Amino acid sequence: MNATYISETGEASAMIIIRDCRGLVLLAVYKTLHQCTSAAEAESLTCLEGLKEAMKWIHMSIILELDNAEVVQALTKQVASRSSWAMTIAEINSVIQCI
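Residues numbered from 1 in each chain as written. Predicted model: local features only at pLDDT ≥ 70, side-chain atom pairs only at ≥ 80, totals over all residues. Heavy atoms only, no water.

Chemist: What's the story with the overall build of the protein chain in this structure? I'm lost.
Modeler: Across its full length, the protein chain holds 3 helices and 3 strands. Its helices and strands in sequence order give the protein chain the pattern β-β-β-α-α-α, from N to C terminus. Relative to its length of 99 residues, the protein chain is compact, with a C-alpha radius of gyration of 13 Å against a globular reference of 13 Å. For the protein chain, buried positions account for 38% of its 99 residues. Contacts in the protein chain between residues far apart in sequence, at least 24 positions, make up 53% of those at least 6 positions apart. Carbon and sulfur atoms make up 55% of the accessible area of the protein chain, which totals about 6400 Å². For the protein chain, the distance from the average site of its 7 positive side-chain charges to the average site of its 11 negative ones is 7 Å. (Helix = DSSP H or I, 4+ residues; strand = E, 2+ residues; numbered from the N terminus. Rg over C-alpha atoms; globule rule 2.2 N^0.38 Å. Buried < 20%, exposed > 50% of the residue type's maximum accessible area, 1.4 Å probe, protein only. Contact = heavy atoms within 4.5 Å. Areas by Shrake-Rupley, 256 points an atom, 1.4 Å probe, with all protein chains shown as cover. Lys, Arg positive; Asp, Glu negative; His and termini not counted. Charge placed at Lys NZ, Arg CZ, Asp CG, Glu CD.)

Chemist: Got a minute to help me understand the pairing of strand 3 (residues 25-33) in this structure?
Modeler: Every other side chain in a regular strand lies on the same face of the sheet, so the side chains alternate between the two faces. As judged from the 8 bridges shared by strand 2 (residues 11-19) and strand 3, these two strands associate in the antiparallel manner. Residue pairing for strand 3: Ser-13 is matched across the bridge by Thr-32. Counted along the chain from strand 2 to the antiparallel partner strand 3, the turn is 5 residues long, and its residue Gly-23 has a positive phi close to 90 degrees. (Pairing = 2+ DSSP bridges.)

Chemist: Explain the packing of helix 1 (residues 39-57) against helix 3 (residues 86-98) to me, please; I cannot follow it from the model alone.
Modeler: When two helices pack together, their arrangement is given by the angle between the helix axes and the distance between those axes. Two elements in contact, helix 1 and helix 3, have axes whose closest approach is 9 Å; the angle formed by their N-to-C orientations is 25 degrees. With respect to helix 3, the element helix 1 is oriented roughly parallel. In terms of crossing hand, the pair formed by helix 1 and helix 3 is left-handed. For the pair formed by helix 1 and helix 3, the contact residues are Ser-44, Leu-45, Cys-47, Leu-48, Leu-51, Lys-52 and Met-55 on the first element and Thr-88, Ile-89, Glu-91, Ile-92, Val-95, Ile-96 and Cys-98 on the second. Considering only residue class, the contact of helix 1 with helix 3 consists of 10 nonpolar, 2 polar and 2 charged. (Axes fitted to C-alpha atoms, helices over the stretch in contact; angles between N-to-C directions. Parallel < 35°, antiparallel > 145°, perpendicular 65-115°, else oblique. Left-handed = near helix turned anticlockwise from the far one by under 90°. Nonpolar A, V, L, I, M, F, W, Y, C, P; charged D, E, K, R; others polar.)

Chemist: Can you help me understand the layout of surface pockets in this one?
Modeler: Here the largest pocket defines a volume of roughly 550 Å³. Forming the boundary of the largest pocket are 20 residues, of which Ile-17, Ile-18, Arg-19, Ile-63 and Glu-65 lie nearest the centre. Looking at the lining of the largest pocket, the elements with two or more residues in it are strand 2 and helix 1. Ranked by residues supplied to the lining of the largest pocket, first place goes to strand 2 with 5 residues. (1 Å grid on protein atoms, 1.4 Å probe; cavity = no way out; pocket = protein on both sides within 12 Å on 5 of 7 lines; lining within 4 Å. Points joined across faces, edges and corners; volume = space filled by probe spheres on them.)

Chemist: How do you make sense of the pairing of strand 2 when you look at a structure like this?
Modeler: Relative to strand 2, strand 1 (residues 2-6) runs antiparallel, the two sharing 5 bridges. Bridge pairing links Tyr-5 to Ala-12 in strand 2. Hairpin connection, strand 1 to strand 2: the antiparallel pair is bridged by 4 residues, and Gly-10 has positive phi, about 80 degrees.

Written out as structure tokens, the structure is:
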């Protein structure tokens, strides 16, 4: 999963590629995201969209890979995030519990 974010305009998009254990592409998705306030918000929304797509289409174990340290830290903390995208982190954690 990867997000693009343009700080001048707030425009963001999500690029999601789901692969199997051999590296073969099972699913590729591109989505335009709503206006974002930061790269971390765009990355967290991309993560959420990727998990939702995986739940719909992939019926095997998954490994989640993220490259935004701020989002990874928010997901692995036991303390609630105070960021503007805290609700997205909470929703990601809820989706992870369902997988």
